[in-house]
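Reading the structure
Okay, here's what each chain looks like letter by letter:
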Amino acid sequence: GMALALAGSWRAKLAGLLAIVPHGAGAQTDAGLRALLVNAGQNQPSGPARGQADHLFLRVLEASHPLPTAASAEAGAAALEFVALAEPQDLVILALSGGASAMMAAAAEGISLADKIATTDLLLRSGATIHELNTVRKHLSAIKGGRLLHRMRGAQMVVLAMSDVAGNDPATIG
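Residues numbered from 1 in each chain as written. Predicted model: local features only at pLDDT ≥ 70, side-chain atom pairs only at ≥ 80, totals over all residues. Heavy atoms only, no water.

So, on to the side chain of arginine 137. Mapped onto the secondary structure, arginine 137 falls in helix α6 (residues 130–139). We classify arginine 137 as buried; its relative accessible area is 7%. Within polar-contact distance, the side chain of arginine 137 engages the backbone oxygen of proline 66 at 2.9 Å. (Helix = DSSP H or I, 4+ residues; strand = E, 2+ residues; numbered from the N terminus. Buried < 20%, exposed > 50% of the residue type's maximum accessible area, 1.4 Å probe, protein only. Polar contact = N/O pair within 3.5 Å; in protein donor to acceptor, adjacent residues only side chain to side chain.)

Right under this line is the structure:
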């Protein structure tokens, strides 16, 4: 829904769009985004490389929540690749909502995906709060804690976050 709303509002200015959605929402999201962009006069979006306005990068990936999976790791790698393509004059809009911590699961150096899954599972089963869970996830991640922003080469980023965390602390969202 967030990807569709942003694409609907910004479609004339988009150079690329990566949507990471829960399992089961990918085909509908992809079809909706393609219809929006094609109906707006854009050529059919394609390819995983940075494109011009007439060759839009569009990728929709499904990932898992609350436990990360290989699909979550693929989505995390795609997010890191996507922001690394941003040029200094670009604006990256990150629409973030509940589930992002598990759905973009790029492991920090020296940490395996299996380690992240086991740690998350243990924390969930132990009754850890979402704040505690996201604090640990941040330290196991190549994305969280500002690491995604560090992959950009001078581009600006705006984060639109919908909190599912009590207190709405930005440090614990995604």
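Next up on the list: the confidence of the model for the protein. When pLDDT is averaged across the protein, the result is 84; 89% of the residues are at 70 or more. Mean pLDDT across the secondary structure elements of the protein bottoms out at helix α2 (residues 26–39), with 85, and peaks at helix α3 (residues 70–84), with 94. Note on residues 45–55: pLDDT is under 50 here. Beyond four places in sequence and across chains, it has 22 contacts. (pLDDT = per-residue confidence, 0-100. Contact = heavy atoms within 4.5 Å.)

Before going further, it helps to spend a moment on helix α5 (residues 113–126). Along its 14 residues, α5 runs 20 Å from first to last C-alpha, staying within 8% of the 20 Å computed at 1.5 Å per residue. Burial in α5 covers these residues: Lys116, Thr120 and Leu123. When α5 is viewed along its axis, its buried side chains cluster within an angular range of 65° and face the same direction. Structural note: α5 exposes Ala114, Leu122, Arg125 and Ser126 on the side pointing more than 90 degrees away from its buried face. In this structure, the buried residues of α5 make contact with α6. With its phi angle positive at about 90°, glycine 127 sits one or two positions after the end of α5. (Expected span 1.5 Å × (residues − 1). Arc of directions from axis to C-beta.)

Using the criterion set out here, one finds four salt bridges in the structure. Arginine 59 serves as the salt-bridge partner of glutamate 74, at 3.5 Å between the closest nitrogen and oxygen. Pair noted here: glutamate 74 is in helix α3 and arginine 59 is in strand β2 (residues 57–63), with a separation of 15 residues, a long-range link. Residue classification places glutamate 74 among the partly exposed positions, given a relative accessible area of 43%. Given the relative accessible area of 23%, arginine 59 is considered partly exposed. Between glutamate 87 and arginine 153 there is a salt bridge whose closest N-O contact spans 3.3 Å. Taken together, the residues span a long stretch of sequence, with glutamate 87 in the loop between α3 and β3 (91–96) and arginine 153 in the loop between α7 (147–150) and β4 (156–161) at a distance of 66 residues. A relative accessible area of 28% places glutamate 87 in the partly exposed class. A relative accessible area of 45% means that arginine 153 is categorised as partly exposed. (Salt bridge = Lys/Arg side-chain N within 4 Å of Asp/Glu carboxyl O.)

On to unusual backbone geometry. With an omega dihedral of 10°, the bond running from histidine 65 to proline 66 counts as a cis peptide bond. When you line up the elements, proline 66 lands in the loop between β2 and α3.

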